[in-house]
Amino acid sequence: MAESTNGNGNYRVIGTRPIRHDGVDKVTGRAKYGADYAFPGMLFGKVLRSPHAHANIKSINFDKALKMPGVKAIVTAADLPEAEDSTQQVGEAAMNPRYLSMNILAHDKVLYDGHAIAAVAATSIHIAEEAVRLIEVEYEVLPPVMTVDDAMKKNAAILLPKLRNKEEGDHPTNTASHLQFKRGDVAAGLQAADFVVEREFNTAMVHQGYIEPHNAVGLYNSDGHGTIYCSTQGAFDVRSMCAQVLGLSVGMIKVVPAEIGGGFGGKTTIYLEPLSLMLAKKTGHPVKLVMTRGEVLRASGPTSGSKIKIKMGCTRDGKITGAEVWMAYEAGAFPGSPVGAGAMCVLAPYNIDNFQIDGYDVVVNRPKTAAYRAPGATNAAMAGETVIDELAEKCGLDPIEFRVANACKEGSAQIVGPPYKRIGFIETVEAIKNSPHYKSELKGANRGRGMAAGFWFNAGMQSSATVNIQTDGTASVITGSADIGGSRASMAMITAEVLGMEVTDVRPTVADTDSVGHTDVTGGSRTTFATGMAVYNAAQDALKQLKERAAKTWEKKPEDVKFEDGKFSAEGDGIKPMTVKQLAGRLARTGGPVTGRAQVSTGGIGVGPAFAATCVDVEVDPDTGKVQILRCTVAQDAGKAIHPSYVEGQMQGGTSQGLGWALNEEYFYDAKGTLRNSGLLDYRMPTCLDLPMIETAIVEIPNPIHPLGVRGVGEVSIVPPPAAVANAIYRATGVRMTELPMSPPRLLKAMLENRRAHDLQAAAAD
Amino acid sequence: MRKLTGGHDRVTVSGKNLREAIADLDRQFPGIASQLLDDGDIKASIAVAIDGEVGTSGVLDTIRENSEIHFMPSIAGGT
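Just so we're clear, the structure is a prediction, and the values are computed from it rather than from any experiment.

Analysis parameters
Sequence order as written defines residue numbering, which begins from 1 separately in each chain. Working convention: letters from A go to chains and numbers from 1 go to ligands, in the order in which they are written. The predicted origin of the model limits local features to residues at a pLDDT of at least 70 and limits the giving and counting of side-chain atom pairs to 80 or more, whereas totals for whole chains, interfaces and linings rest on all residues. We count a stretch as a helix when DSSP gives it H or I for four or more residues in a row; a strand needs E for two or more, and each element gets its number in order from the N terminus. With the radius of gyration taken over C-alpha atoms, the globule rule is written as 2.2 Å times the number of residues to the power 0.38. Here the C-beta atoms are placed from the backbone, and a residue counts as buried if at least 20 other C-beta atoms lie within 10 Å of its own, exposed if 12 or fewer do, and partly exposed otherwise. As annotated, the domain borders come from an automatic or database domain assignment. By definition, residue pairs are in contact when their C-beta atoms, positioned from the backbone, come within 7 Å. The residue classification treats Ala, Val, Leu, Ile, Met, Phe, Trp, Tyr, Cys and Pro as nonpolar and Asp, Glu, Lys and Arg as charged. All others, Gly included, are polar. Note that the arc is computed from the directions linking the helix axis to the C-beta atoms. Between N-to-C directions, angles cover 0 to 180 degrees, with each direction set by a line fitted to C-alpha atoms, over the stretch in contact for helices. Should an angle fall under 35 degrees it is taken as roughly parallel, and over 145 as roughly antiparallel, whereas 65 to 115 is taken as roughly perpendicular and any remaining angle as oblique. By convention, the crossing between two helices is left-handed when the near helix turns anticlockwise from the far helix through less than a right angle, and right-handed when the turn is clockwise. Pairing between two strands is assigned when DSSP locates at least 2 bridges connecting them. In these notes, a nonpolar core means any group of buried Ala, Val, Leu, Ile, Met, Phe, Trp, Tyr and Cys residues linked to one another through C-beta atoms within 7 Å. pLDDT is a residue-level measure of predictor confidence that goes from 0 to 100. A helix is expected to span 1.5 Å multiplied by its residue count minus one.

Would you mind showing me how to read the overall build of chain B here?
The secondary structure content of chain B amounts to two helices and five strands. Mapped from its N terminus to its C terminus, chain B presents α and β elements in the order α-α-β-β-β-β-β. Here the C-alpha atoms of chain B give a radius of gyration of 12 Å, agreeing with the 12 Å that 2.2 N^0.38 yields for 79 residues. With the C-alpha coordinates of chain B rotated into their principal frame, the extents come out at 40 × 25 × 25 Å. A burial count over chain B gives 29% of its 79 residues as buried.

Take a look at the structure:
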């Protein structure tokens, strides 16, 4: 592995690689996931899902199902209260409770293959499955609208009759919104260019591919309070969203986050959670629901497919003079694609004086999209980074040199206007340039090397933390951040660093919504940044109190007590330094327990923007179009890597997902709008047999607004790989791919067309 | 938003916090406040950066003389 650029010289614990506290339980099967929960008298739930992509529901009859022995309750949208039709902030996203409710259970229309219509609770899962088959639904099938092209046509079938946008006035539409970012004069900028590249890209809808399906166990008390155990990235968000959908106040619901088998953004929303509570209320029993893999793919949120048109120009010495981008993203059945993020990311690493970016959020008869690791940015980078590669080639410049020449730095204006604070884009691409991989020679036929860069804002938001000093001098640190990548180990490390303890003496806990202060979602690469900040502050608060206790013990003022190398000391005869362990034994007699507390509200997006760059070597089989990844290196600015192994894990994980997105993954619908690859055999994600060990280079340009310099690391590594692979394929085959995935049939077709075109050209020349 | 400000990409406003700044903006360009505010506070779909930092207090975020205010879409993240 390539080494971090800064090392950990200033810290005792931060920057080391201790074994994670939850590791043994996870590898021995003791860790408790959502589907592991069981309660006395628990029932099992199953969901009836639409077989149609687009249809009006004319009637639902569940009499036969309800009469089946073992069936205890059935719920439909008729059991849901009217939800507000407005945009509200939940976690890091804006959402519409009415649309959320319509996605949980279809109201008068089904809008995608797999859309939930009813949920059954029964004494066994098999009885529930049989009962679902007995529910009779009369549909009026409507034409499916499956692509942004179809949805934006003038006479397209309309998905949501009440949907309007500002530009089309009071006309029903499938285009939920249009946003635009503009600077300078793009026409003049393109006119001033010596080289202009214009291309159109289409990227397929893909799923986050977490191994663990969605699950929820709901319990309802007769006093009106409910409890939900579930796999989630945000217990407080589940609570808020369920409260909205069920018409309850948040204080009536407790959410207990189970261990999570992957989320990647897909578990920042709700599907089964309100159903579990509705069925628990109706039956008086706990009710468990678990999705099958087919349901996960059909009915939980993938990320958008997209169409992106981009035109970019530069001078012959490689200065970008203008860029024009048009992007339409699939939102799925309800508005809310990540087109805004895509628009803000497509040109983000570059200092461009003239640009115009137009983004359209378009509804289609597919599952409502959910967040997926830097949502919107990967699609955008596929377009932006391949065009930049093409311009670099026209200028005769190395692709990294071209990027450095146009790079944003501290003080450069972001796409949305505010200037960047200290950022590490140049250092990140140069880490690739200086890597053993990039410096090595690539030999052999049908082989090529490509690189690309990517950007993600990273979020801040709200977190709470508590640090308790135990009577034996160990500590517990309690946060509300679901641990999806080793974050609880980082929280323990931060606590240990501040308190001068061993990391094994700090016990981290992820708590439920009643047991810790409000904490926003584990998403947006915010956890080590914001929850880490809260933990740091809580540990400092505990340390301040411990100093006061030491002072009391020695009859000194707190400001006379020093804490250095894990020991409290003060000037004076007979005063011997004390460790936290020694002081802990005296807490009862010096004022009682010591609990450090902190809560932070660190701002929204862009609190620690991060860049990644990927270099990839490929070999393309000229007869089949199959691409083999020979070598892959990812560089990423982490600010400060608290636990380098887990930072590297995020980098490798994001890169693996990006490579799958590049080469194989796509949702395949037939003409009726039925998903035909709703299983992992046919929805082909990369396995360890498909990829080499991914090399990593952690760059550390400290984030100026974090006490430890931390930047979020969880997302940005997924952004560059598709473009890097496309650029490598070009060098191997001479073909510029503009469609994702670059699967064997697509690439083979493109190569054959390219060869035919060359043969014709050669024949004409003769 | 430029459509609401007569094509200007930069306008000057006065006020000690965002509430006052938006009120002044609305005086100059009537109707713009309804695009930015919902129930008296910043819409959930909008993030506001003041001097490069996204605010956390909505309309109560303070501004200084010569502060730069940017209105941006609110963004969701993944992992």
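The discussion continues.
Honestly, unusual backbone geometry in this entry has me stumped. Any pointers?
Following Leu-740 of chain A, the chain continues to Pro-741 of chain A via a peptide bond in cis, the omega torsion being 0°. By secondary structure assignment, the location of Pro-741 of chain A is in the loop between strand 29 (739-740) and helix 21 (744-765). Although it is not a glycine, Ser-525 of chain A adopts a positive phi angle of roughly 55°. If you trace the backbone, Ser-525 of chain A turns up in the loop between strand 21 (506-510) and helix 16 (527-554). Of note in the backbone geometry, Asp-39 of chain B takes a positive phi value of approximately 55° without being a glycine. Positionally, Asp-39 of chain B belongs in the loop between strand 1 (37-38) and strand 2 (41-42).

Help me understand the domain arrangement of chain A in this model?
It is common to give the size of an interface as the accessible area that goes away when the parts come together. All names here are of chain A. What the domain assignment reports for chain A is domain 1 (1-6 + 433-449 + 611-766), domain 2 (34-141 + 208-299) and domain 3 (462-601). Between the C-alpha centres of domain 1 and domain 2 there is a distance of 36 Å. Contacts between the two partners involve nine residues from domain 1, matched on the other side by nine residues from domain 2. Taken together, the residues of the side of domain 1 that touches domain 2 sort by class into four nonpolar, four polar and one charged.

What should I look at first to understand the environment of Phe-29 of chain B in this one?
Residue and element names in this part refer to chain B. Mapped onto the fold, Phe-29 is located in the loop between helix 1 (18-28) and helix 2 (32-36). The partly exposed category is assigned to Phe-29, around which 16 C-beta atoms lie within 10 Å. In this structure Phe-29 touches Leu-4 and Thr-5, once residues within four positions along its chain are discounted.

For this particular structure, what's the right way to read helix 1 of chain B?
Residue pairs three or four apart in sequence face the same way in an α-helix, which turns once every 3.6 residues. Every buried residue of helix 1 of chain B is accounted for by Leu-18, Ala-21, Ile-22 and Leu-25 of chain B. In a view along the axis of helix 1 of chain B, the buried residues occupy a sector of 95°, so they form one face of it.

I'm lost on the packing of helix 19 (residues 644-663) of chain A against helix 20 (residues 721-733) of chain A in this one. Help?
Between two packed helices, the angle of one axis relative to the other and the distance separating the axes together describe the packing. Residue and element names in this part refer to chain A. Put simply, helix 19 and helix 20 touch, their axes get as near as 8 Å, and they point 55° apart. The angle between helix 19 and helix 20 places the two elements in the oblique class. Judged by the twist between their axes, the crossing of helix 19 over helix 20 is right-handed. Here Thr-655, Gly-658, Leu-659, Trp-661, Ala-662 and Leu-663 of helix 19 come into contact with helix 20, specifically with Pro-721, Pro-722 and Val-725.

I tried to follow the packing of helix 15 (residues 487-499) of chain A against helix 16 of chain A on my own but got confused; where do I start?
All names here are of chain A. Close contact between helix 15 and helix 16 brings their axes to 9 Å; oriented N to C, the two are set at 30°. By the angle between their axes, helix 15 is roughly parallel relative to helix 16. Crossing hand, helix 15 versus helix 16: right-handed. Here Ser-487, Ser-490, Met-491, Ile-494, Thr-495, Val-498 and Leu-499 of helix 15 lie close against helix 16, whose contacting residues are Thr-527, Thr-528, Thr-531, Gly-532, Val-535, Tyr-536, Ala-539, Gln-540, Ala-542 and Leu-543. Residue composition of the contact of helix 15 with helix 16, by class: nine nonpolar, eight polar and no charged.

For this particular structure, what's the right way to read the interface of chain B and chain A?
Every contact between the two is made by 19 residues of chain B and, on the other side, 38 residues of chain A. For the side of chain B that touches chain A, the secondary structure elements donating two or more residues are strand 3 (46-50), strand 4 (53-54) and strand 5 (69-73) of chain B. Looking at the side of chain B that touches chain A element by element, the count peaks at three residues for strand 5 of chain B. Its residues assigned to classes, the side of chain B that touches chain A comprises eight nonpolar, nine polar and two charged.

Got a minute to help me understand the environment of Met-68 of chain A in this structure?
All names here are of chain A. Mapped onto the elements, Met-68 comes out in the loop between helix 2 (63-67) and strand 3 (71-76). Distance from Met-68 to Ala-383, taken between C-alpha atoms, is 54 Å for residues 315 residues apart in sequence. What Met-68 contacts, discounting residues up to four positions off in sequence, is Ile-127, Glu-130, Ala-131 and Leu-134.

I'm lost on the sheet that holds strand 4 of chain B in this one. Help?
Backbone-to-backbone hydrogen bonds join strands into a sheet, with any given pair of strands oriented parallel or antiparallel. All names here are of chain B. As summarised here, the arrangement of the three strands in space is 4-3-5, forming an open sheet in which the pairing is antiparallel. The open sheet has two edge strands with one neighbour each: strand 4 and strand 5. Bridging between strand 3 and strand 4 involves two bridges; their strand directions are antiparallel. Bridging from a neighbouring strand, Ala-49 pairs with Val-54 of strand 4.

Is there a simple way to think about the nonpolar core in this case?
Here is a general trend for soluble globular proteins: nonpolar side chains tend to be buried in one another's company. Counting residues in each nonpolar core, the largest one holds 257 residues, and the members touching the most others are Val-120, Ala-539, Val-725, Ile-729 and Met-742 of chain A. For this core, the element with the highest residue contribution is helix 16 of chain A, accounting for twelve residues.

Looking at this model, I keep getting lost on the pairing of strand 18 (residues 447-456) of chain A. Mind explaining?
All names here are of chain A. Most of strand 18 is tucked away, with nine of its ten residues classed as buried. As paired elements, strand 18 and strand 26 (residues 610-620) share ten bridges and run antiparallel to each other. If you follow Arg-447 over to strand 26, its bridge partner there is Glu-619.

Whenever I open this one, the confidence of the model for chain B confuses me. Can you help?
Should pLDDT be low for a region, the predicted coordinates there are not to be read in detail. Residues and elements named next belong to chain B. In this model, chain B carries an average pLDDT of 87, and 95% of its residues clear a pLDDT of 70 or more. By mean pLDDT, the top-scoring element of chain B is helix 1 (94), and the lowest-scoring one is strand 4 (82). On the interface metric, ipTM, the complex scores 0.86, and its pTM is 0.94.

Just to check I follow, could you spell out the sheet that holds strand 16 (residues 320-332) of chain A for this structure?
Taken in spatial order, the six strands make up an open sheet running 9-17-16-15-10-29 (chain A), and their pairing is mixed. At either end of the open sheet lies a strand with only one pairing partner, and these are strand 9 (175-183) and strand 29 of chain A.

Where do I start with the confidence of the model for chain A in this structure?
Summing up the model confidence of chain A, the mean pLDDT is 95 and the portion of residues at 70 or higher is 98%. Residue range residues 1-8 of chain A is modelled with pLDDT below 50. Its contacts to residues more than four positions away, or to other chains, number 17 contacts.

What is the right way to read the environment of Val-54 of chain B from this model?
Mapped onto the secondary structure, Val-54 of chain B falls in strand 4. Distance in space between the C-alpha atoms of Val-54 of chain B and Met-1 of chain B is 19 Å, their sequence separation being 53 residues. Discounting residues that sit within four places of it in the chain, Val-54 of chain B has contacts with Gly-603, Gly-604, Ile-605, Gly-606 and Val-607 of chain A together with Ala-47, Val-48 and Ala-49 of chain B.

Can you walk me through helix 15 of chain A in this structure?
Residues and elements named next belong to chain A. With 13 residues, helix 15 extends 18 Å from end C-alpha to end C-alpha; this agrees with the ideal 18 Å at 1.5 Å per step. Burial runs high along helix 15: 13 of the 13 residues are buried. Looking one or two residues past helix 15, Gly-500 carries a phi angle of roughly 65°, positive in sign.

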